[in-house]
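Examination of the molecular architecture
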Amino acid sequence: MNIDIVPIPAPASADAPVDPLYEAYAHVFRVEDIDFFGNDDLASTAHERHVEDSDQTYHRAQRWVAFPEGERAPASAIGLAFVELTLTDNTHLAMAHIVTHPAHRGRGVAASLLPTVEAALRESGRTSIQVWANHHPYQGGDALSAKTGVGQIDPKTPQAHWLRTLGFELEQTERHSVLAIPAEGDQWWRELAERKERDTATAGDEYELLQWKGGIPPEFHDGYARLRERMSVDAPSAELDFEEEKWDAERIAKGIEQRTQSGYEWVSAFVRHTPSGALVAYTEMMWPGERPAGVWQMDTFVHGEHRGHRLGALVKAANLEFLRRENPAAERIHTWNAGENEYMLAINVELGFAPASIEGGWQKRVTTD
Ligand SMILES: CC(C)(COP(=O)(O)OP(=O)(O)OC[C@H]1O[C@@H](n2cnc3c(N)ncnc32)[C@H](O)[C@@H]1OP(=O)(O)O)[C@@H](O)C(=O)NCCC(=O)NCCS
């Protein structure tokens, strides 16, 4: 089969019409997700990618779609690839990915996307390449462990085999877990409310809970930016080459605008330390407005100086109650935790999250000359 590799042009603005190539790109991701997870809860939409790519202040993406020669209808796409670069921090790093439509695997689609991706990576000059790939948990005797020692995957799967052939190492794994949200009136909700009450009492008078649906008010953007910076390096990242991200009020405002334009809805719970006025903890859950059943747990973070007061458990419980009010159609919550992040995993296990898959953080270091 002859294959056309077609680049997606960067959109002129978020309001410009969405190029059908984004529909083709989203189609391949969605089919892959349904094949791997059994649902499309995590699949991003064409519109979301279009909005994200329309602003290149913080981030630049190059994306390609593979088609059988001469075809361009979105549903005829057989593969995709991307290279993503952050522009204001982590300028040594490139994120890359290649996906072949599950019905077209083993016929050289990925191999034909590879030279284009490699050329873009070379041109970027970035020295660390990271690929995040999905794996099923695996217990076989030949299991491959991440270099952290946490998380075992099957080295024989196409993605593991290929990434190793290309010189990538499995640095870290994240446990992807799913909570089936209990029905209204279930004992689980009563226990959650009791736990929240206990955690509020343990936290004491110096901590105030704040909650917002959608964006947080501008007067908190600066404080939130400080937390995002700390979060970017405080969560365990093993030997993955992450540096602290640079966040400020402007970047926070842009992120809120982009999420809103992309059709997402989200709820967040923050804790403010009242004596200092500083925001010290937060958690967020987000979902696509048009597909509210599958909810994504985003960051949960407690500032290092305020740990040990049950603030992590408190924001999570508060946000779950908030989610029930704001998104009654929610059925499942997806979350990802570094396998070695025992504190966060313990909170999630206690809430009833069950392991679903493993996200492997693969890395390859390259020299530029
Ligand atoms: C990994 C993936 C991209 C391969 O796509 P594909 O179009 O089937 O791959 P190709 O036919 O072009 O083969 C490319 C390489 O994949 C590996 N591969 C493909 N099928 C394989 C199989 N059944 N078993 C083991 N390795 C396999 C091989 O290393 C192969 O190279 P080789 O032919 O020189 O041995 C595809 O399985 C996929 O989309 N997986 C989900 C997405 C993902 O995890 N991507 C991570 C890689 S960036």
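Residues numbered from 1 in each chain as written. Predicted model: local features only at pLDDT ≥ 70, side-chain atom pairs only at ≥ 80, totals over all residues. Heavy atoms only, no water.

Take the site of the ligand next. Neighbouring residues of the ligand: 19 residues in total, closest Ile98, Thr100, Gly106, Gly108 and Ala111. Take isoleucine 98: an N or O atom from its main chain is 2.9 Å from a nitrogen atom of the ligand. Between the ligand and the protein, one listed contact pairs an oxygen atom with a side-chain N or O atom of arginine 105 at 3.3 Å. For the ligand, the accessible surface in isolation is 900 Å², of which the surrounding protein chains cover 74%. Among the secondary structure elements, those contributing two or more residues to the shell around the ligand are strand E4 (93–100), helix H3 (109–124), strand E5 (128–135) and helix H4 (158–165). Its residues assigned to classes, the shell around the ligand shows nine nonpolar, six polar and four charged. (Near = heavy atom within 4 Å. Polar contact = N/O pair within 3.5 Å; in protein donor to acceptor, adjacent residues only side chain to side chain. Areas by Shrake-Rupley, 256 points an atom, 1.4 Å probe, with all protein chains shown as cover. Helix = DSSP H or I, 4+ residues; strand = E, 2+ residues; numbered from the N terminus. Nonpolar A, V, L, I, M, F, W, Y, C, P; charged D, E, K, R; others polar.)

With that settled, the discussion passes to the domain arrangement of the chain. Under the domain assignment used here, the chain contains domain 1 (3–126) and domain 2 (182–330). Relative placement of domain 1 and domain 2: their C-alpha centres are 29 Å apart. Contacts between the two partners involve 18 residues from domain 1 and, on the opposite side, 18 residues from domain 2. In this structure, arginine 291 engages aspartate 40 in a salt bridge whose closest nitrogen and oxygen atoms are separated by 4.0 Å. At the junction of domain 1 with domain 2, the criterion picks out 11 residue pairs in polar contact (both at pLDDT 80 or more). Element by element, the count of residues in the side of domain 1 that touches domain 2 is highest for helix H2 (residues 46–54), at four residues. Classifying every residue of the side of domain 1 that touches domain 2 gives six nonpolar, six polar and six charged. (Domains from an automatic or database assignment. Contact = heavy atoms within 4.5 Å. Salt bridge = Lys/Arg side-chain N within 4 Å of Asp/Glu carboxyl O.)

With nine of 12 residues buried, strand E8 (residues 169–180) lies mostly within the body of the structure. Strand direction decides the pairing type here: E8 and strand E14 (residues 354–365), joined by nine bridges, are antiparallel. Bridging across to E14, glutamate 169 finds its partner in glutamine 363. In this sheet, strand E13 (residues 332–338) lies alongside E8 in antiparallel orientation, the contact comprising seven bridges. The residue bridging alanine 180 from the neighbouring strand is arginine 332, located in E13. (Buried < 20%, exposed > 50% of the residue type's maximum accessible area, 1.4 Å probe, protein only. Pairing = 2+ DSSP bridges.)

Moving on, we get to unusual backbone geometry. One non-glycine residue, asparagine 90, lies in positive phi territory at about 50 degrees. Examined against the element boundaries, asparagine 90 turns out to sit in the loop between strand E3 (79–86) and E4. For asparagine 90, a relative accessible area of 3% translates into the label buried. Unusually for a residue other than glycine, arginine 310 sits at a positive phi of about 70 degrees. Positionally, arginine 310 belongs in the loop between strand E12 (294–302) and helix H8 (311–326). Judged by its relative accessible area of 28%, arginine 310 falls in the partly exposed class.

Inspection of the secondary structure puts threonine 45 in the loop between helix H1 (20–37) and H2. Note: C-alpha distance between threonine 45 and glutamate 23 (22 residues apart in sequence) is 7.7 Å. Excluding anything up to four places from it in sequence, threonine 45 contacts Ala26, Glu290 and Arg291. At 3.0 Å, the side chain of threonine 45 and the backbone nitrogen of glutamate 48 are in polar contact.

Attention shifts here to the pattern of salt bridges. Where charged atoms of side chains with opposite charge meet at close range, the side chains can pair. Per the stated rule, a full pass over the model turns up 29 salt bridges. The salt bridge partner of arginine 105 is glutamate 32, with a shortest N-O separation of 2.6 Å. Within this pair, whereas arginine 105 is found in the loop between E4 and H3, its partner glutamate 32 is found in helix H1, the two being separated by 73 residues in sequence. The class of arginine 105 is partly exposed, set by a relative accessible area of 37%. A cluster of three or more residues bridged by salt bridges with shared partners is formed by Glu48, Arg49, Glu52, Asp53, Arg63 and Glu84.

All right, on to helix H7 (residues 249–261) then. Taking 1.5 Å as the rise per residue, H7 with 13 residues should run 18 Å; its terminal C-alpha atoms sit 18 Å apart, in good agreement. When we look at burial in H7, the residues that qualify are Arg251, Ile252, Ile256, Gln258 and Arg259. Looking straight down H7, one finds that the buried residues subtend no more than 165 degrees of arc, so they occupy a single side. (Expected span 1.5 Å × (residues − 1). Arc of directions from axis to C-beta.)

Let us now look at the side chain of glutamate 84. With respect to the helices and strands, the residue glutamate 84 is situated in strand E3. Among the polar contacts made by the side chain of glutamate 84, one reaches the side chain of arginine 63 at a distance of 3.3 Å. Residue contacts for glutamate 84: discarding those within four places in its chain leaves Glu52, His59, Arg60, Ala61, Arg63, Leu93, Ala94 and Met95.

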